[in-house]
Protein chains: 2
Amino acid sequence: MVRWEPGAAERLRVAAMALYAEQGYDGTTVAQIADRAGVTARTFFRHFADKREVLFAGSESLEQVMVEALVSAPASAGPMEAVAAGVLAAGEAFAGRRDFSRQRYEVVSATPELREREFIKMASLVTAFSAALRERGVAPARALLAAETGITVFRVAFERWVEGAEEDPVAVIRETLTELTELTS
Amino acid sequence: MVRWEPGAAERLRVAAMALYAEQGYDGTTVAQIADRAGVTARTFFRHFADKREVLFAGSESLEQVMVEALVSAPASAGPMEAVAAGVLAAGEAFAGRRDFSRQRYEVVSATPELREREFIKMASLVTAFSAALRERGVAPARALLAAETGITVFRVAFERWVEGAEEDPVAVIRETLTELTELTS
């Protein structure tokens, strides 16, 4: 019988992030994370496959949110407008989570294994955006360029947001998109 | 005493690429590469640290060529124009090597270890471009966005070139840059 544990996943996420920041990702064990969160290792494994997945558990639903926003862009929107809608949806999902996002960003940046996993996540986003643009009738080569450019904006804006002073991720994404237009015009 | 072996490095490169294409990267040994190139394993190791570096030996000089072209762009050139000069210099370096580049692209794409190495190479290019733009007086945040965007164009154009019909990599890069401007305007 599974015991009801309110917010165990979120507690485990916060505990893991704190431990990764304090003592490094490599030096942290699942037992320590469970302990800090006040649950058993068994509970940990009910929520996450391993200590890496604590940091990536939301990736799939984030991708879904982003792709849905791209797909829902008005039919009149060009490829980059649709891509921008997808990236801005990620910004809305990150709102209010800057401290957590900064900690996560620092841990991922410092750990090759996590950087690799993050890279795969970004490649998956590019593939999903590109496919969604083709569904909108965009030619494959152009769809890939728009998707790659959009995810580049997403990465750069995310880094600006966690390292900068602006609290609102949506504002940072809008600013980055505007700057890209200025740069390339 | 080092025996003079004309073009041993190039022969090793061609032999390695042929073997990677025939039997996969993981299934190929240094002994097989040396054998195919008609040299000893000892000669192999005089030229390359391991079988991975056969595919990445030119990376540093390519980066140098690209950064020099960026640095040499006229003072009146904006950030993206300077970045474009850097990317176009890579195109010139690749001219006439499409078959080799396609084979390399296929091997790298099929092998996680090589994809990771290629990713590190691209990250290094972004860092170098970004630093060179800051030297030109571009603000750090804008320099990073321009560098990231330029390397995205480089990756997309390279893929279009090896998979497409156009022989001239410079033409493909120009076309991709123009398309980016259209997309973002």
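- Under an unreviewed UniProt entry, the name given to chain A is AcrR family transcriptional regulator, and the source organism is Kribbella italica.

**Remarks on the side chain of B:Thr184**
Move 1: Positionally, B:Thr184 belongs in helix H9 (residues 169-184).
Move 2: Only 2.6 Å separates the side chain of B:Thr184 from the side chain of A:Thr184, close enough to count as a polar contact.
Move 3: What B:Thr184 contacts, discounting residues up to four positions off in sequence, is A:Met80, A:Leu180, A:Thr181 and A:Thr184.

**Side note on helix H6 (residues 98-110) of chain B**
Move 1: Counted at 1.5 Å a residue, the expected span for H6(B) with its 13 residues is 18 Å, and the 18 Å between its end C-alpha atoms agrees.
Move 2: Looking only at H6(B), the buried set comprises B:Arg98, B:Phe100, B:Ser101, B:Arg104, B:Tyr105, B:Val107 and B:Val108.

**Structural notes on the domain arrangement of chain A**
All names here are of chain A.
Move 1: According to the domain assignment, chain A consists of domain 1 (8-54) and domain 2 (58-184).
Move 2: The partner domain 2 presents nine residues to the nine residues of domain 1 that form the contact.
Move 3: Here domain 1 packs against domain 2, burying approximately 880 Å² in sum over the two surfaces, 67% of which is carbon and sulfur.
Move 4: On the domain 1 side of the contact with domain 2, Met17, Tyr25 and Arg52 bury the most area, a combined 61% of that side's loss.
Move 5: With its nearest N and O atoms 3.4 Å apart, the salt bridge here joins Arg117 to Glu53.
Move 6: No other element matches the five residues that helix H1 (residues 8-23) contributes to the side of domain 1 that touches domain 2.
Move 7: Of the residues that constitute the side of domain 1 that touches domain 2, the class distribution is four nonpolar, no polar and five charged.

Criteria and cut-off values
- Residues numbered from 1 in each chain as written.
- Chains lettered and ligands numbered in written order.
- Predicted model: local features only at pLDDT ≥ 70, side-chain atom pairs only at ≥ 80, totals over all residues.
- Heavy atoms only, no water.
- Helix = DSSP H or I, 4+ residues; strand = E, 2+ residues; numbered from the N terminus.
- Polar contact = N/O pair within 3.5 Å; in protein donor to acceptor, adjacent residues only side chain to side chain.
- Contact = heavy atoms within 4.5 Å.
- Expected span 1.5 Å × (residues − 1).
- Buried < 20%, exposed > 50% of the residue type's maximum accessible area, 1.4 Å probe, protein only.
- Domains from an automatic or database assignment.
- Buried area = accessible area lost by both parts, 1.4 Å probe.
- Salt bridge = Lys/Arg side-chain N within 4 Å of Asp/Glu carboxyl O.
- Nonpolar A, V, L, I, M, F, W, Y, C, P; charged D, E, K, R; others polar.

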